[in-house]
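# Architecture and fold: a report
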Amino acid sequence: MGGLNAIKILLVTGTLAEPHLRQILEENPSTHEFDILALPLAVAAFLHPKYVATQIKLRGPLEKYNFILLPGMVSGDTNIVTKSTGIPTFKGTRHTADLPLLFDILFQAEERLSTTHPADLVLAEELRKKALRDFAKGEKLLKGKMPEGYLKLGRGSNSLVIGPRLPMRIIAEITDAPLRSDDELIRLARHFVASGANIIDIGMVAESPDPEAAQRIVKLMRKQLPVFVSIDSMDAKEIEAGIEGGAQLVLSLDQDNMMDIDKKNRKRAIFTVIPAVQHGSEIPRPIEERVQLLIDNLSNARSLGYKKLIADPLCDPLINPGLTRALQAYAKFGKQQPNVPMLMGVGNVTELLDADSPGVNALLAGMATELGVSVLLTTEVSPKTKGAVWETHRAAQMMHLARRRRASPKDFGIDLLLLKPKRFPERPFEAIPDIDYPTVNVSQETTSIRLDRAGFFTFHVDRKRYLIIARHYPTETREAPTIELEGTTAQQLINAILTRELVTQFEHAAYIGRELTRAELALVTGRPYIQEAPLFGK
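Keep in mind that what you see is a predicted model, and the values were worked out from it rather than measured. (Residues numbered from 1 in each chain as written. Predicted model: local features only at pLDDT ≥ 70, side-chain atom pairs only at ≥ 80, totals over all residues. Heavy atoms only, no water.)

## Observations concerning the environment of R266
- With respect to the helices, strands and loops of the structure, R266 is situated in the loop between β10 (249-253) and β11 (270-273).
- In this structure, R266 is in contact with M258, M259, I261, F271, L304, G305, Y306 and K307, ignoring residues within four places of it in sequence.
- A polar contact is formed between the side chain of R266 and the backbone oxygen of M259, at a distance of 3.5 Å. (Helix = DSSP H or I, 4+ residues; strand = E, 2+ residues; numbered from the N terminus. Contact = heavy atoms within 4.5 Å. Polar contact = N/O pair within 3.5 Å; in protein donor to acceptor, adjacent residues only side chain to side chain.)

Following this line, the structure appears as structure tokens:
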């Protein structure tokens, strides 16, 4: 199968898929030669390899084919066909529209395709693993002494290096930390770490300094989790208390509070510096003034004995005061001070924008990469930004790979396509030709559900454990459930309900299936789930 000559492939399908398969081949020319064999079964997924093996040998000589592709949806192992015909046989893609994904790898079909798994899943996993390998290589770019422009948190093998050629590091802020219980602090921190955060930021309450809380919470984080911790405050006493508790990073120093930090603490952590005076209350809006104040503040900090510094030109929200102005400040500062790592607070944008956050975070991470930013700061305060830490982490991975490969951030095997697909395998609906059958529009029909003698269910979403819950009650009194079922998919719970014979009516079974599907969608998308309420729309 080697060489660069075209190879010949037999595509086996069902009668319903044949026209669409021919259309896909016409619209996506290839150097390879394809023949299509439509076996007399309507649905391609029902073409079990045993059936194909018996049918295919009746269709003429097969020696001219390099290999055979069956639909990716078929069950079983295609080796059955290989043994019967002598021609290597593999599973193709699950959806006909994805077939062009295979065109570039057909010369290595025996090494890269599977007899048991659909080709698109195999290739997607290959791409994902390659992306993660490349990402891991990026972590090993630096060896030995830190060059200028790089900083290190911690020591030894557990250290974290921050710098321009490395993946952007993710800081996740726990806002108003002193107002939260220890259990909630630990839960949020674990969630952020699992989402990809490198550093947990302890956000203090503005204008209500509490040094004791700062030290206690930082100690709590360091004890409970193997993670780097930062203290987020403009108050010098809170900053010093955080450092005493073990904070390795401080957000932030301005023209005034840098004077108030004890000299012994100025070398014990990495400090971010912002273009502000009077404890962050005055920030210049003109780009030139903002950048110059930041440069001056950095210079003053160095003269006061601060050794490890990160610049934060400050990422402003859209429109008021304006994101593009802030980005210009990042660009100007990066050009004038290329050896100073920069931090960008992308949460300032996502929290103050009523739009779905995945695409916003992807775009912000891409712009940050172009600007040379080394650290991204985000949080998950409002419901619309739940998941923002993971989104920012994934976006940072994508942009790092794009920079390494000098490519656009696409086709890496990792993405932020949560609702809209990259490809659209759905086929356009068409009426069945040459058959007369009734068509009834039932959109105005209504029905009611009688109480099932087996009882009824309430459905819930447990987001802390990422589970769908089905509680079964024997009567309308809801005094106590007879059983509570939990699972991660609607299908799991439907199977459990049917196995336990907890439903006896068709209409009740249909209702259960609909509600569990909506609950699963709510769990996956982050939409709120309320039983019998619309999942989308106003």
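Anyway, onward from the coordinates.
## A short note on unusual backbone geometry
- Here the bond from L251 into S252 is cis, since omega is 10 degrees, no more than 30 degrees from zero.
- Residue position: S252 is located in strand β10.
- Geometrically, the link from N320 to P321 is a cis peptide bond, its omega value of 10 degrees lying close to zero.
- With respect to the helices and strands, P321 occurs in the loop between β12 (309-311) and α10 (323-336).
- Within the chain, E207 stands out as a residue other than glycine whose phi angle is a positive 65 degrees.
- You can see E207 is positioned in the loop between β8 (199-203) and α7 (211-224).
- Under the relative-accessibility criterion, E207 is labelled exposed at 78%. (Buried < 20%, exposed > 50% of the residue type's maximum accessible area, 1.4 Å probe, protein only.)

## Here we look at the nonpolar core
- In this structure, I202 and M344 are the most contacted members of the largest nonpolar core, which totals 76 residues.
- It is helix α13 (residues 388-405) that provides the largest number of residues to this core, a total of seven residues. (Core = buried A, V, L, I, M, F, W, Y, C linked by side-chain atoms within 4.5 Å.)

## Structural notes on the side chain of D232
- By secondary structure assignment, the location of D232 is in strand β9 (residues 228-232).
- No salt bridge is formed by the buried D232; the nearest opposite charge belongs to R180, separated by 12 Å.
- Setting aside its immediate chain neighbours within four residues, D232 contacts E173, D201, I202, G203, M204 and L251. (Lys, Arg positive; Asp, Glu negative; His and termini not counted. Salt bridge = Lys/Arg side-chain N within 4 Å of Asp/Glu carboxyl O.)

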